[in-house]
Amino acid sequence: MGERFGLVVHIGCGEAAGRSWQGRVDDLVLVEPDPERAQAVRGWLEETGAGSLVEAAVMDRLGAAHFRRTSFGDMNSVRVLTGATTLFPGLRYLESVPVQAVRARDLLDGRNVAAIEGLKALVVEPPSEVLVVLSDLDDAGLLDQFDAVVVCVAETALHDGGADRKMVTDWLEATNRHLVWETDSVDPDMRFARVEKNWKALSLTFEQGVREFELVISDLRETYALQFDQDRAILDSLQVEMDALATEREQAVREARAAQDALSEACSERDRLRREMDALATEREQAAGKVQATLEALSEARLECDQLRDAMDTLTTEREQAMSEAQTSLEALSEARLECDQLRGAMDTLTTEREQAMSEAQTSLEALSEARLECDQLRDAMDTLAAEREEAASEAASLDVDALSEARLECDRLRSEMDALAAEREKIAADAQAAQNALSEACRERDRLRGEMDVFTTEREQAASEAQATLEALSEVRLERDQLKGEKDVLEDRLVERSQAAQRAGAELEALRDDNRLSLRIQRIAQADLADLQDRFAALADEKLELERFFDDLAQKVSRSMEADQAPGAKASPKRVGARTRPTAKSSSKSTKVTSRAKSS
């Protein structure tokens, strides 16, 4: 009791709890939600200045709340009364006042509990709020920083939602803690106890952790063995893949060489096609010049045709004058038609030869020149026909008109032939473009093969580096396996020692439990004997009262009989006095009986 404390947090301190800490605490925090009791604590603090007061109710939330005051101040709470009315008959509500609600962790705001020198204590007197305070501080990691934690625990819940003994002990067992009860409790229904670490439970938890760790080690061993087998299989498969890749690389090298040869051939073919394209371009220019000349000749032919039309108009007027010579002109026209058919056959032959040998474009151009010469011959024939027309005026007019129509048709046919030659030229140009595109594709294919060769080389280097890393990891795993074996042997030794200590602790625990059961039985028997003795004492007191009344009546009868016999009266007075003082002893025995019952309750 004479120890010095660095910090004390007293929740539900009441009016005079602060005086018990006076002079023993460096930092005293008193918590009291009751306004009247808080006023008394505030007055004491103003006189002494020994601590600070928090006038609020400790709950699991922040904000405002209603504090219910009752006829018994220790049962005041923000909760509704339930079991307290059974434990304290006649307990009633007085009023409800508004208060502020705080959490237990908020009481330590601004304080570094771990850095405070001296002992640190926590006292929780409201039994219904014990679990709220402990759980909130434990969640905040502050409960284990107190050296001493004292709580008041109720056997049954006193308020709605309040904590009872079972709830508190269950929570403490779940957090590896237990209660150390006070030895001389005044009230068996609300006892104070000290919260301490349950080292046996912690030891069991540690042993469970050791067993789980051993299971993890065994799983790691199995996993390591499986991983080792898998790595070995992977290495074998990698070796096979590397051999296959080497074979593929050699094949790819051969294919790349073949592709390079094909590329060289394609390049030479490309150069040849370019030369042919240049020749075709030259021929095209020459053909264009020839076509231009042909167009100019056609223009001249059109002019001549216009002139012929004029002449035909003149000849039409003269046709009526020379009808007799029409038959001769018709025979000459038939001969001209035969010659035109022969020319058409020759042109068809030339067209067939052109389709069979497109590469001989120069020959086609020469054939075109011959056709042009034939056209000149046709002009000469036209001139001859014009001369004959002068000889046969009337019939020659119609004959010249038909010949002109045939000449026009022949010119149109020649024009279509020129268009066909232009289409053929465009086709040759398209073939040359296709050849150039094929060459471009061959170049791209060569680049792609080179890229694949680079990727293959990179992948081979990566595979080699990964194989080296796998071997290094395998060696590290072997070292780690040896370390784990050593740690496992050490843990097995520790486990044997822990198991022996646990067996000894279990035996001690069973002995302590037997002693506890025996003490509980003795306590229950003593309480039952005490109640029986109290009942017997009450019965004896009633019998004693009846006997005293009987003796009083007997004394009165004796005194009356003695007075009747005229005996000395001095002897009767002491008997009366003694009879009258006996009720006083009776009343004192009754008060003793009530006090003993109140204490036992």
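Values in this document were obtained by computation on a predicted structure and should not be read as measured data.

Analysis parameters
Residues numbered from 1 in each chain as written. Predicted model: local features only at pLDDT ≥ 70, side-chain atom pairs only at ≥ 80, totals over all residues. Heavy atoms only, no water. Core = buried A, V, L, I, M, F, W, Y, C linked by side-chain atoms within 4.5 Å. Buried < 20%, exposed > 50% of the residue type's maximum accessible area, 1.4 Å probe, protein only. Helix = DSSP H or I, 4+ residues; strand = E, 2+ residues; numbered from the N terminus. Contact = heavy atoms within 4.5 Å. Pairing = 2+ DSSP bridges. Axes fitted to C-alpha atoms, helices over the stretch in contact; angles between N-to-C directions. Phe/Tyr/Trp six-rings, centres within 6.5 Å; stacked < 30°, edge-to-face > 60°. Lys NZ or Arg CZ within 6 Å of the ring centre and 35° of its normal. Salt bridge = Lys/Arg side-chain N within 4 Å of Asp/Glu carboxyl O. Parallel < 35°, antiparallel > 145°, perpendicular 65-115°, else oblique. Left-handed = near helix turned anticlockwise from the far one by under 90°. Nonpolar A, V, L, I, M, F, W, Y, C, P; charged D, E, K, R; others polar. pLDDT = per-residue confidence, 0-100. Expected span 1.5 Å × (residues − 1). Arc of directions from axis to C-beta. Polar contact = N/O pair within 3.5 Å; in protein donor to acceptor, adjacent residues only side chain to side chain.

K.L.:
What should I look at first to understand the nonpolar core in this one?
P.N.:
Side chains of nonpolar character tend, in soluble globular proteins, to be buried together. Counting residues in hydrophobic clusters, the biggest one holds 33 residues, and the most contacted among them are V9, I11, L122, L134, L137 and V151. Contributing elements (two or more residues each) for this core: strand 1 (5–11), strand 2 (25–31), strand 7 (119–124), helix 4 (130–139), strand 8 (148–154), helix 5 (165–174) and strand 10 (190–197). Of the residues forming this core, the biggest block, five residues, is contributed by helix 4. Every residue in contact with I11, bar those within four places of it in the chain, is listed here: V31, V58, L107, L122, V123, V124, E125, P126 and V133. Membership of the second largest hydrophobic core comes to 14 residues, among which are W21, L28, W44 and A121.

K.L.:
What is the right way to read the sheet that holds strand 2 from this model?
P.N.:
Paired through their backbone hydrogen bonds, the strands of a sheet run either parallel or antiparallel. With mixed pairing, the seven strands of this open sheet are ordered in space as 3-2-1-7-8-10-9. Each having just a single partner strand, strand 3 (52–54) and strand 9 (177–181) make up the two edges of the open sheet. For this sheet the average axis-to-axis angle between neighbouring strands, irrespective of direction, equals 20°. Across five bridges, strand 9 lies against strand 10 in antiparallel orientation. Bridge assignment links H178 to a residue of strand 10, and that residue is E196.

K.L.:
I'm lost on the packing of aromatic side chains in this one. Help?
P.N.:
Describing an aromatic ring pair means giving the distance of the ring centres and the angle of the ring planes. Tallying each qualifying case throughout the model produces three aromatic pairs. A centroid spacing of 5.9 Å and a plane angle of 55° characterise the contact between F550 and F551, whose relative ring orientation is tilted. Overall, F551 belongs to the partly exposed group, its relative accessible area being 42%. Taking NZ or CZ as reference, R191 lies 4.3 Å from the ring centre of W181, over its face.

K.L.:
Could you clarify how one ought to interpret the sheet that holds strand 6 (residues 93–102) in this entry?
P.N.:
Here three strands make up an open sheet; going across it, the order is 4-6-5 and the pairing mixed. Lying at the two open borders of the sheet, with one neighbouring strand each, are strand 4 (57–58) and strand 5 (63–70). As judged from the two bridges shared by strand 4 and strand 6, these two strands associate in the parallel manner. When the bridges of strand 6 are listed, A57 appears paired with A101.

K.L.:
What should I look at first to understand the pattern of salt bridges in this one?
P.N.:
If the charged atoms of two oppositely charged side chains come close together, the side chains can form a pair. Counted according to the given criterion, the structure contains 24 salt bridges. A salt bridge links E196 to R194, with the nearest nitrogen and oxygen atoms 3.8 Å apart. Here E196 falls in the partly exposed class, since its relative accessible area comes to 32%. A single network of salt bridges, built from pairs that share partners, joins D34, E36, R69 and E95.

K.L.:
Is there a simple way to explain the environment of V29 in this structure?
P.N.:
Topologically, V29 is positioned in strand 2. Judged by its relative accessible area of 1%, V29 falls in the buried class. Separated by 24 residues in the primary sequence, V29 and L53 place their C-alpha atoms 6.1 Å from one another. Setting aside chain neighbours within four positions, we find V29 in contact with L7, V8, V9, H10, S52, V54 and R111.

K.L.:
Help me out: how do you make sense of the packing of helix 4 against helix 5 in this one?
P.N.:
A pair of packed helices can be characterised by two numbers: the angle between their axes and the separation between those axes. Taken N-terminus to C-terminus, the directions of helix 4 and helix 5 make an angle of 15°; their axes are 10 Å apart at the nearest point. For the element pair helix 4 / helix 5, the angle class is roughly parallel. In the crossing of helix 4 with helix 5, the sense of the turn from one axis to the other is left-handed. For the pair helix 4 and helix 5, the contacting residues are V130, L131, L134, S135 and D138 in the first and M167, V168, W171 and L172 in the second. Here the residues of the contact of helix 4 with helix 5 are counted per class, giving seven nonpolar, one polar and one charged.

K.L.:
Would you mind going over the confidence of the model for the chain with me for this structure?
P.N.:
Low-confidence regions, as indicated by low pLDDT, have predicted coordinates that should not be scrutinised in detail. Confidence along the chain averages 78 in pLDDT terms, with 83% of residues attaining 70 or more. Counted against residues more than four places away or in other chains, residues 569–601, with its pLDDT under 50, gives 20 contacts.

K.L.:
Looking at this structure, how should I read the pairing of strand 6?
P.N.:
Both faces of the sheet carry side chains from a regular strand, because those side chains alternate between them. Where strand 5 and strand 6 come together, eight bridges link them in antiparallel fashion. Each residue of the ladder has a partner; that of T70, found in strand 6, is Y93.

K.L.:
Is there a simple way to explain helix 2 (residues 35–48) in this structure?
P.N.:
Given 3.6 residues per helical turn, the α-helix brings residues three or four places apart onto the same face. Taking 1.5 Å per residue, 14 residues should reach 20 Å; helix 2 reaches 20 Å between its end C-alpha atoms and fits that length. Turning to helix 2, its buried residues are R37, A38, V41, W44 and L45. Summarising the axial view, the buried residues of helix 2 lie within an arc of 120°, below the 170-degree limit, and thus occupy one face. Helix 2 presents E36, Q39, E46 and E47 as exposed residues on the side facing more than 90 degrees away from its buried surface. Contacts from the buried residues of helix 2 go to helix 1 (17–20), strand 2 and strand 3. N-capping of helix 2 is provided by D34, with a side-chain oxygen placed 3.3 Å from the backbone N of E36. G49 sits one or two positions beyond helix 2 and adopts a positive phi of about 65°.

K.L.:
Please explain unusual backbone geometry as it appears in this structure.
P.N.:
A negative phi angle is the norm for most residues apart from glycine, just as the trans form is the norm for most peptide bonds. One non-glycine residue with positive phi stands out, namely N176, at about 60°. Mapping N176 onto the fold places it in the loop between helix 5 and strand 9. By relative accessible area, which is 19% here, N176 ends up buried.

K.L.:
Just to check I follow, could you spell out helix 4 for this structure?
P.N.:
Among the 10 residues of helix 4, seven are classified as buried, and the element is accordingly described as predominantly covered. Turning to helix 4, its buried residues are V130, L131, V132, V133, L134, D136 and L137. Buried residues along helix 4 sit in contact with strand 1, strand 4, strand 7, strand 8, helix 5 and strand 10. At the exit of helix 4 stands G141, carrying a positive phi of roughly 75°.

K.L.:
Would you mind going over the environment of V168 with me for this structure?
P.N.:
As for its placement among the helices and strands, V168 is situated in helix 5. Sequence-wise, V168 and A154 are 14 residues apart; in three dimensions their C-alpha atoms are separated by 9.4 Å. In this view, V168 contacts V130, L131, V153, A163 and L179; residues no more than four positions away in its chain are not counted.

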